[in-house]
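# Structural overview
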Amino acid sequence: MIKVMGHILCSANHRVKTFRSGTEFHQYQIPKLPCCLLLDIHLGEQPDGQAIFRKLLDEGVRIPVVFLTSNVSVPLAVDLIRAAAQIIFCKSGF
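Let me sum up the structure you'll find in this document. Note that the structure is a prediction, hence the values are computed from the model and not measured. (Residues numbered from 1 in each chain as written. Predicted model: local features only at pLDDT ≥ 70, side-chain atom pairs only at ≥ 80, totals over all residues. Heavy atoms only, no water.)

### Side note on the overall build of the chain
When helices and strands are tallied, the chain shows 4 helices and 3 strands. N-terminal to C-terminal, the α/β element order of the chain is α-α-β-α-β-α-β. Burial statistics for the chain: of 94 residues in total, 30% are counted as buried. Excluding contacts between residues fewer than 6 apart, the proportion of contacts in the chain whose partners are at least 24 apart in sequence is 51%. Total accessible area on the chain is roughly 6700 Å²; 56% of this is exposed by carbon and sulfur atoms. (Helix = DSSP H or I, 4+ residues; strand = E, 2+ residues; numbered from the N terminus. Buried < 20%, exposed > 50% of the residue type's maximum accessible area, 1.4 Å probe, protein only. Contact = heavy atoms within 4.5 Å. Areas by Shrake-Rupley, 256 points an atom, 1.4 Å probe, with all protein chains shown as cover.)

### Comments concerning helix α3 (residues 49-58)
Within α3, burial applies to Gly49, Ile52, Phe53, Leu56 and Leu57. On an axial view of α3, the arc spanned by its buried residues comes to 135°, and they lie on one face. (Arc of directions from axis to C-beta.)

### What about the side chain of aspartate 48?
As for its placement among the helices and strands, aspartate 48 is situated in the loop between β1 (37-40) and α3. In this structure, aspartate 48 is buried with no salt-bridge partner, the nearest side chain bearing the opposite charge being arginine 54 at 8.0 Å. Engagement of the side chain of aspartate 48 in a polar contact is seen with the backbone nitrogen of alanine 51, the distance being 2.9 Å. (Lys, Arg positive; Asp, Glu negative; His and termini not counted. Salt bridge = Lys/Arg side-chain N within 4 Å of Asp/Glu carboxyl O. Polar contact = N/O pair within 3.5 Å; in protein donor to acceptor, adjacent residues only side chain to side chain.)

### Overview of the nonpolar core
Formed by 16 residues in total, the largest nonpolar core has its most connected members in Phe25, Leu37, Leu39, Phe53 and Phe67. Among the elements of the structure, β1, α3, β2 (65-69) and α4 (74-83) are those that each provide at least two residues to this core. In terms of residue count, the dominant contributor to this core is α3 (4 residues). For phenylalanine 25, the residues in contact, after removing those within four places along its chain, are Phe19, Ile30, Leu37, Ile52 and Leu56. (Core = buried A, V, L, I, M, F, W, Y, C linked by side-chain atoms within 4.5 Å.)

### Here's the deal with the pairing of β2
Counted residue by residue, β2 has 5 buried out of 5 residues, so it is predominantly covered. Of the two faces of β2, the one lined by Val65, Phe67 and Thr69 and the one lined by Val66 and Leu68 are each fully buried. In terms of strand pairing, β1 meets β2 through 4 bridges, oriented parallel. Each residue of the ladder has a partner; that of aspartate 40, found in β2, is leucine 68. After leaving β1, the chain enters α3 and then returns to the sheet as β2, a path that is right-handed. (Pairing = 2+ DSSP bridges. Right-handed = clockwise from strand over helix to strand, strands pointing away.)

### Quick notes on the packing of aromatic side chains
The tally for this structure, following the rule as stated, stands at 3 aromatic pairs. Centre to centre, the rings of phenylalanine 19 and phenylalanine 25 are 5.2 Å apart; their planes meet at 80°, and the pair counts as edge-to-face. In this structure, phenylalanine 19 and phenylalanine 25 share a single accessibility class: buried. Where phenylalanine 53 meets phenylalanine 67, the ring centres are 5.2 Å apart and the plane angle is 80°; that geometry is what we call edge-to-face. On the criterion of sequence distance, the pair formed by phenylalanine 53 in helix α3 and phenylalanine 67 in strand β2 is long-range, its members being 14 residues apart. With relative accessibility at 0%, the residue phenylalanine 67 sits in the buried group. (Phe/Tyr/Trp six-rings, centres within 6.5 Å; stacked < 30°, edge-to-face > 60°.)

Next up, the structure:
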C-alpha cells in the first residue's frame with residue numbers, strides 16, 4: 001500500500017517520503033514545510049500508528065494526520081479525535 005499511495009501522490013506532483021516502520025519515521029526530521037502524515041492505525045509492529053501519533057503530540061508536532069484503516073472501533077476513533085482536532089479516517093481498500 002505504501003508504494004501505491006506514494007505513486008499516486010507523486011503523480012499529483014506532491015513530494016513524498018515513505019517509511020518502512022514507525023521507528024524509521026521517528027528517526028526522520030520532519031521538515032518545516034507544509035506536510036501531512038498518512039498513518040495506518042494498526043501497523044504490524046511496534047510502535048503502532050496510535051503510539052506514533054501520541055508521540056508526535058507529546059513532542060508538540062502538529063501536522064494533519066490522515067489515518068488509514070480497515071478496522072477502527074468507535075471508542076478508538078473518539079479517543080483519537082479528542083487527542084487532536086485534525087483527524088480524518090479513511091477505510092483502506094488495499
